Amino acid sequence: MTTTEIPARCGEIAVRGGFDLTAAARFLTGFAPAGQPEAEPGALRVAFPLDGEWTPVGAVLRQRSPGEVAVEVHGPPGRESAVVAQVGRMCSLDVDGTGFPDVGARDPVVSLLQDLHPGLRPVLFASPYEAACWAVLSHRIWMTQAVRLRRRLTECHGTEVDVGGSTLRAFPVPAVLARLESLPGLSGPKLQRLRGIAEAAAAGLLDAAALRAMPVEEALKQLQLLPGIGRFSAELILIRGAGHPDVFPRGENRLHEIMREAYHLPDAGAEELTEIAEAWAPFRSWASFLFRVEGEARMRESR
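Anyway, here's the lowdown on the structure attached to this text.

Once that is clear, we can look at the overall build of the chain. What the chain contains, in helices and strands, is 14 helices and 6 strands. Overall, the chain is about 55 × 45 × 40 Å in size when its C-alpha atoms are taken along their principal axes. Relative to its 303 residues, the chain shows a buried fraction of 52%. The contacts in the chain between residues at least 6 apart in sequence include a share of 66% that link residues at least 24 apart. Element-wise, carbon and sulfur atoms account for 53% of the exposed surface of the chain, whose accessible area totals about 13,600 Å². For the chain, the distance from the average position of its 32 positive side-chain charges to the average position of its 37 negative side-chain charges is 5 Å.

This is the structure we're talking about:
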């Protein structure tokens, strides 16, 4: 499926607090589930289904100054504000980050991470829908296997979008995924779960704003009603899909391991780590993201 090329329009995002688009683009280029090539240094190109109506669109982000990001919109006319809002959320620019340095002032370990990754905010999935699909695809298999499945799914059933001269494929829209009959390498139970996720998204049950407006535990309980979604996956959807800035992932064992090493607390349990994270509020998701990024970087260096 291919979209028709439509002349680009532009929008702007005002940046509140520190942000480095180059760091965000570098992260996304190396983030296996996204796998987007870097077509232009310093710019971020993305293609995705637009939240709610699910029209495939694209955007190119460029940082004009520390306080402004320009968004070149590719897609049907009339959707500019929605595209700008969604890419703003994807880069965590919908959150006022001026208070994030205060977290480092309260916690020297976080301060070190902020120094190592200046201006890096959480880079998210395009939507809670895409995050939920990734949670299903990646459940109980190796990351490399999950990445191949997602790539195969996108290549076979996604939509090509011309994004400023670069052709990218947007993830399959819910209506397509709800009718999916088979995919090489995808088990029958996961196929059924993906269909259920697609149906939930089409019904408006994976709306980012609604999920973020709920109390955290209520949102997590609602997400766990989705097929194949447990606590770990619900946290991933709320944090990395809806973009909630202040959730500590209690179910993410890998993050807990990284924290135990960073704080020299080899026997710390989830409760103790959760207490440490209280000092990160209202940016617990952001600080957790930096721990994860640094942990993955050190793991690559050790190979």
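Having put the structure on the table, let's press on.
Now for the packing of aromatic side chains. Under the defined criterion, the tally for this structure stands at 9 aromatic pairs. Where F27 meets F289, the ring centres are 5.1 Å apart and the plane angle is 65°; that geometry is what we call edge-to-face. Placement of the pair is F27 in helix 1 (residues 21–30) and F289 in helix 14 (residues 284–302), with a sequence separation of 262 residues. Each of the two residues, F27 as well as F289, counts as buried. Among the aromatic residues, ring-to-ring pairing joins F248, Y263, W280 and F291 into one connected group.

Below, the discussion takes up the sheet that holds strand 4 (residues 68–74). As summarised here, the arrangement of the 4 strands in space is 1-4-3-2, forming an open sheet in which the pairing is antiparallel. Looking at which strands have only one partner, the edges of the open sheet turn out to be strand 1 (9–14) and strand 2 (43–49). Across this sheet, the average inter-strand angle for adjacent strands is 25°, counted without regard to direction. The strands that helix 1 touches are strand 2 and strand 3 (56–65); relative to strand 2, the one it contacts most, it runs at about 55°.

The subject of this paragraph is helix 1. Buried residues of helix 1: L21, A23, A24, A25, F27 and L28, and no others. Those residues of helix 1 hidden inside the fold are in contact with strand 2, strand 3, helix 11 (231–241) and helix 14. The residue sitting at the N-terminus of helix 1 and contributing the capping side-chain oxygen is D20; that oxygen lies 3.0 Å from the backbone nitrogen of T22.

Next up on the list: the packing of helix 4 (residues 108–116) against helix 14. Packed helix pairs are characterised by how far apart their axes lie and by the angle those axes make with each other. Helix 14 packs onto helix 4 with a crossing angle of 65° between their chain directions and a minimal axis gap of 10 Å. It follows from the interaxial angle that helix 4 and helix 14 lie roughly perpendicular. With respect to the hand of their crossing, helix 4 and helix 14 are arranged in left-handed fashion. Of helix 14, the residues touching helix 4 (which contributes V109, V110, L113, Q114 and L116) are A287, L290, F291 and E294. For the contact of helix 4 with helix 14, the residue count by class is 7 nonpolar, 1 polar and 1 charged.

Of note, R292 is situated in helix 14. Those residues within four positions of R292 in sequence are excluded, and the remaining contacts are R240, P249, E252, L255 and I258.

Next up on the list: unusual backbone geometry. In this structure, P282 follows A281 across a cis peptide bond, with omega equal to 5°. Structurally, the position occupied by P282 is in the loop between helix 13 (270–277) and helix 14. Its identity as a non-glycine residue notwithstanding, W54 has a phi of 70°, on the positive side. For R140, which is not glycine, the phi dihedral falls at a positive 60°. Relative to the elements of secondary structure, R140 occurs in the loop between helix 5 (128–137) and helix 6 (143–157).

Turning our eyes to something else, we now look at the environment of H244. Structurally, H244 can be placed in the loop between helix 11 and helix 12 (253–262). By relative accessible area, H244 is classed as buried at 12%. Each C-alpha atom, one on H244 and one on A135, is 17 Å from the other, the two residues being 109 residues apart in sequence. If we skip the residues at most four places from it in the chain, H244 touches R212, V216, L238, I239 and S285.

The next subject is helix 13. Listing the buried residues of helix 13 in full gives L273, T274 and A277. Down the axis of helix 13, the sector holding all buried residues measures 105°, keeping them to one side.

The subject of this paragraph is the nonpolar core. If you look at the biggest cluster of nonpolar residues, it comprises 50 residues, and the most contacted ones within it are F48, L61, V87, W280 and F291. Ignoring sequence-local partners within four residues, the contact set of V87 consists of I13, V46, F48, A59, L61 and V71. Residues V173, L183, L186 and L211 belong to the second largest nonpolar core, which totals 43 residues.

Rules and cut-offs
Residues numbered from 1 in each chain as written. Predicted model: local features only at pLDDT ≥ 70, side-chain atom pairs only at ≥ 80, totals over all residues. Heavy atoms only, no water. Helix = DSSP H or I, 4+ residues; strand = E, 2+ residues; numbered from the N terminus. Buried < 20%, exposed > 50% of the residue type's maximum accessible area, 1.4 Å probe, protein only. Contact = heavy atoms within 4.5 Å. Areas by Shrake-Rupley, 256 points an atom, 1.4 Å probe, with all protein chains shown as cover. Lys, Arg positive; Asp, Glu negative; His and termini not counted. Charge placed at Lys NZ, Arg CZ, Asp CG, Glu CD. Phe/Tyr/Trp six-rings, centres within 6.5 Å; stacked < 30°, edge-to-face > 60°. Pairing = 2+ DSSP bridges. Axes fitted to C-alpha atoms, helices over the stretch in contact; angles between N-to-C directions. Polar contact = N/O pair within 3.5 Å; in protein donor to acceptor, adjacent residues only side chain to side chain. Parallel < 35°, antiparallel > 145°, perpendicular 65-115°, else oblique. Left-handed = near helix turned anticlockwise from the far one by under 90°. Nonpolar A, V, L, I, M, F, W, Y, C, P; charged D, E, K, R; others polar. Arc of directions from axis to C-beta. Core = buried A, V, L, I, M, F, W, Y, C linked by side-chain atoms within 4.5 Å.

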